[in-house]
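An overview of the molecular structure
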Amino acid sequence: MISQEFTPEEKQKLTIAEGIAKSYFPYLGGIFSKLDIRFDNRIETAAVTGSGKLLFNREFFHRLTPGLETAFILAHELLHLAQMIFERGKAFPDQESLNIAHDLLINEQLCDTMHLANPPCNGLNWQYFHFRFLQPPGYNTLPSKASEFSLEEMVRYVVALKNTLGVSPETASWGLPPDRETEEEEEENPGSRVFSNHPFANVFGGDGDDEEKAPSSAPDPAENSSGTEEDEPPEISVSLDMLGEETEKTLFPDEKPEDREKRNAELLEICRSAAAMNAVFSAFGDYNSPGLGSGNCTMAVDIVRSSYVPPWQMAMQRWFDGAAVSKRSWARASRRGAFRSDIILPGRTQECLTIHIVLDTSGSMTFAIPYLLGQIKAFARNVEMEQAHILQCDTEVTKDELVDIDRLDKYQVEGYGGSDMSPAMLRLAEDPSVTSVLVITDGVIDYPPEKEIPYDVLWCLPEQDFGRQFPYGRVIYVPISGSGE
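Residues numbered from 1 in each chain as written. Predicted model: local features only at pLDDT ≥ 70, side-chain atom pairs only at ≥ 80, totals over all residues. Heavy atoms only, no water.

**With respect to helix 4 (residues 68-82)**
The line we're drawing: Put simply, DSSP marks the helices as runs of H or I at least four residues long and the strands as runs of E at least two long, and each gets a number from the N terminus on. Helix span, expected: 1.5 Å multiplied by one less than the number of residues in the helix. Think of it in three bands: with a 1.4 Å probe and only protein chains considered, a residue is buried below 20% of the maximum accessible area for its type, exposed above 50%, and partly exposed in between.
With 15 residues, helix 4 should reach 21 Å at 1.5 Å per residue; the first-to-last C-alpha distance of 20 Å fits that figure. Judged by how many residues are buried, helix 4 sits mostly within the fold: 15 of 15 residues are covered.

**Details of the sheet that holds strand 3 (residues 53-56)**
Let me state the cut-off plainly: A pair of strands is considered paired only if DSSP assigns at least 2 bridges between the two. Contacts between residues were defined by any pair of non-hydrogen atoms, one from each residue, lying within 4.5 Å. Angular values range over 0 to 180 degrees, each being the angle between N-to-C directions of two axes fitted as lines to C-alpha atoms, with helices fitted over their stretch in contact.
Reading across the sheet, the four strands line up as 1-3-2-4 and stay open at both edges, with mixed pairing between neighbours. Of all strands in the sheet, those with a lone pairing partner are strand 1 (36-39) and strand 4 (242-243), marking the two edges. Relative to strand 3, strand 2 (residues 46-49) runs antiparallel, the two sharing three bridges. From the neighbouring strand, Val-48 faces strand 3, where its bridge partner is Leu-54. Lying on the sheet, helix 4 is in contact with strand 2, strand 3 and strand 4; it crosses strand 2 at an angle near 25°.

**A few points about the pattern of salt bridges**
The following threshold applies: Salt-bridge detection follows one rule: a side-chain nitrogen of Lys or Arg within 4 Å of a carboxyl oxygen of Asp or Glu.
With the rule as written, the count across this model stands at 18 salt bridges. As a salt-bridge pair, Glu-87 and Lys-90 come within 3.3 Å of each other at their nearest N and O atoms. For Glu-87, a relative accessible area of 37% corresponds to the partly exposed category. The class for Lys-90 is exposed, based on a relative accessible area of 65%. The partner of Lys-162 in a salt bridge is Glu-96, with the nearest N and O atoms 2.9 Å apart. Of this pair, Lys-162 sits in helix 8 (residues 151-165) while Glu-96 is found in helix 6 (residues 95-114), placing the two residues 66 residues apart along the sequence.

**Concerning the side chain of Asn-57**
What counts here: Within 3.5 Å is the distance limit for a polar contact, defined as a pair of N or O atoms, with the added protein rule that one can donate a hydrogen and the other accept it, and that residues adjacent in sequence qualify only through two side-chain atoms.
Counting through the fold element by element, Asn-57 comes out in the loop between strand 3 and helix 3 (58-63). Of note is the side chain of Asn-57, whose polar atom sits 3.0 Å from the backbone nitrogen of Glu-59. Separated by 3.2 Å, the side chain of Asn-57 and the backbone nitrogen of Phe-60 make a polar contact. Residues within four places of Asn-57 in sequence aside, it is in contact with Phe-39, Asp-40, Asn-41, Ile-43, Glu-44 and Thr-45.

**Quick word on the packing of aromatic side chains**
Here a ring pair, both rings aromatic, is described through the centre-centre distance and the interplanar angle of the planes. Put simply, the test is: Note on ring pairs: Phe, Tyr and Trp rings are taken, using the six-membered ring of Trp, and paired if centres are within 6.5 Å. Classes follow the plane angle, with under 30 degrees stacked, over 60 edge-to-face and the rest tilted.
Counted according to the given criterion, the structure contains 16 aromatic pairs. Centroid distance Tyr-447 to Tyr-472: 6.2 Å. Interplanar angle 80°. Geometry classified as edge-to-face. A residue pair is termed long-range when its members are at least 10 positions apart, and Tyr-447 in the loop between strand 12 (436-440) and strand 13 (456-462) and Tyr-472 in the loop between strand 13 and strand 14 (474-478) qualify at 25 residues. With a relative accessible area of 6%, Tyr-472 lands in the buried category.

**Side note on the side chain of Thr-45**
Structurally, the position occupied by Thr-45 is in the loop between strand 1 and strand 2. In contact with Thr-45, not counting residues within four places along its chain, are Leu-55, Phe-56, Asn-57, Phe-60, Trp-174 and Ser-239.

**As for the packing of helix 1 (residues 8-24) against helix 4**
Heads up, the rule is: Working rule for angles: under 35 degrees goes down as roughly parallel, over 145 as roughly antiparallel, 65 to 115 as roughly perpendicular, anything else as oblique. In this scheme, a crossing is called left-handed if the near helix is turned counterclockwise away from the far one by less than a right angle; it is called right-handed if the turn is clockwise. Classification convention: Asp, Glu, Lys, Arg as charged; Ala, Val, Leu, Ile, Met, Phe, Trp, Tyr, Cys, Pro as nonpolar; all other residues, Gly among them, as polar.
In the contact formed by helix 1 and helix 4, the axes pass within 8 Å of each other and the chain directions differ by 70°. Of the possible angle classes, the one that applies to helix 1 and helix 4 is roughly perpendicular. Crossing handedness for the pair helix 1 and helix 4: right-handed. Residues Lys-13, Leu-14, Ala-17, Glu-18, Ile-20 and Ala-21 of helix 1 touch helix 4, and the partners they reach there are Leu-68, Thr-70, Ala-71, Leu-74 and Ala-75. Here the contact of helix 1 with helix 4 is built from residues that sort into eight nonpolar, one polar and two charged.

**Considerations on the sheet that holds strand 12**
As summarised here, the arrangement of the six strands in space is 10-9-8-12-13-14, forming an open sheet in which the pairing is mixed. Of all strands in the sheet, those bounded by a partner on one side alone are strand 10 (397-404) and strand 14. The sheet shows a mean angle of 20° between the axes of neighbouring strands, taken without regard to direction. The pairing of strand 13 with strand 14 spans five bridges and is parallel. The partner of Cys-460 across the bridge, within strand 14, is Ile-476.

**A few points about the confidence of the model for the protein chain**
Stated formally: Summary of the metric used: pLDDT quantifies the predictor's per-residue confidence within the range 0 to 100.
Residues at a pLDDT of 70 or more form 67% of the protein chain, whose mean pLDDT is 74. Segment residues 180-197: pLDDT under 50, and 27 contacts once partners within four positions in sequence are set aside and those in other chains are kept. Confidence drops under pLDDT 50 across residues 227-231; counting only partners more than four residues distant or on other chains, this segment forms six contacts.

If you want it as structure tokens, here you go:
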């Protein structure tokens with residue numbers, strides 16, 4: 001739930017960020033839907049509570065570049081919840097060190113997944129963090145990646161570093177982004193746009209005009225917000241971004257304990273599911289070879305829509321046009337022959353048009369599926385197809401169903417195991433009415449020999465798998481970055 005104090009422009013900025021975040025981490029969608037999102041100037045930047053409050057300092061929110069920068073911050077806060085940090089954190093007495101450790105791990109995960117060199121807003125960065133200080137005893141050699149530490153190991157390291165320094169190595173999760181109004185200021189902050197060449201930067205206005213970054217109709221960021229008095233600084237100031245139960249009680253003393261406990265319980269169920277999917281996604285990483293077993297994961301996929309029309313779309317559109325051509329029948333006269341009195345021409349049948357799709361649900365396809373289904377829906381609507389016959393397959397057919405094209409917006413995918421499309425493709429081969437099949441895959445699969453496939457095949461692969469070829473059918477490579485480049 002987004003607070004009513006958000007203006008339409010602010011809500012739009014947040015909604016765009018949500019879409020980008022879910023395109024990289026689809027399992028965050030359920031958590032986002034349960035959040036209580038507010039402005040609160042007692043928070044220096046952004047923070048999240050175990051009960052699902054997401055709090056933004058209004059000035060900080062306005063200074064975030066629309067698109068990727070906002071999405072990075074949003075995904076970071078959601079991953080605190082998705083990785084069950086408030087439950088796991090009960091075992092750690094030093095909550096400040098826990099916050100720093102988890103920030104380091106999450107930011108590395110985000111940078112690796114979103115292909116960024118550094119976190120925005122001076123977010124904690126392991127590459128910079130572990131070179132800054134004299135290392136504590138026993139830590140002469142540190143790993144090059146934060147992910148080589150478990151959470152527990154990272155917390156122990158931060159605690160040891162704090163003991164060596166005598167103070168906390170960090171006091172804030174984020175820095176306030178510069179108010180980018182002049183080129184001179186941007187030159188003084190060369191790291192302020194760590195993603196200027198990222199595909200999402202241009203698509204969602206990441207390098208847009210200043211009015212996009214701070215909507216003119218939005219309230220003045222300096223205005224008072226929750227917990228502050230006019231013209232007075234807030235009594236409480238929070239700089240780190242994980243707010244424990246006691247801090248939340250202090251910030252919101254009027255909230256009923258039973259209401260907080262109810263929200264905690266509801267969010268906990270969603271977070272358990274998200275934590276499982278996060279573990280699966282993290283385990284797969286960029287691993288890109290065929291698996292052997294069937295998966296048992298289930299995930300609701302929010303497709304990613306695109307308004308870009310690159311050249312590859314023409315190839316796919318031609319295939320759809322051919323696959324969607326209705327058969328001619330004498331049961332309906334041709335409208336083209338209406339002026340003829342000497343001959344009757346057959347017309348097109350009015351049957352429901354259906355596309356047959358084999359969907360590779362192996363683990364390596366996790367991040368590609370939302371983009372590709374989004375493109376499929378757009379093409380199918382263009383040729384007035386009403387249904388998709390989808391066979392989900394990893395090493396076995398996990399689902400065989402007819403899906404209305406409009407229902408692809410929220411489509412549940414099962415499997416995430418191995419990579420053998422033979423069961424699904426051979427099942428379709430048994431149906432003589434099937435003449436064309438679209439296979440959505442990354443190409444790292446097993447498939448039947450050509451002699452066993454009586455229909456036309458279009459292999460639809462993510463662009464990063466360019467170069468994979470098949471002994472039959474046609475291949476197109478679809479950009480899934482959103483850039484279309």
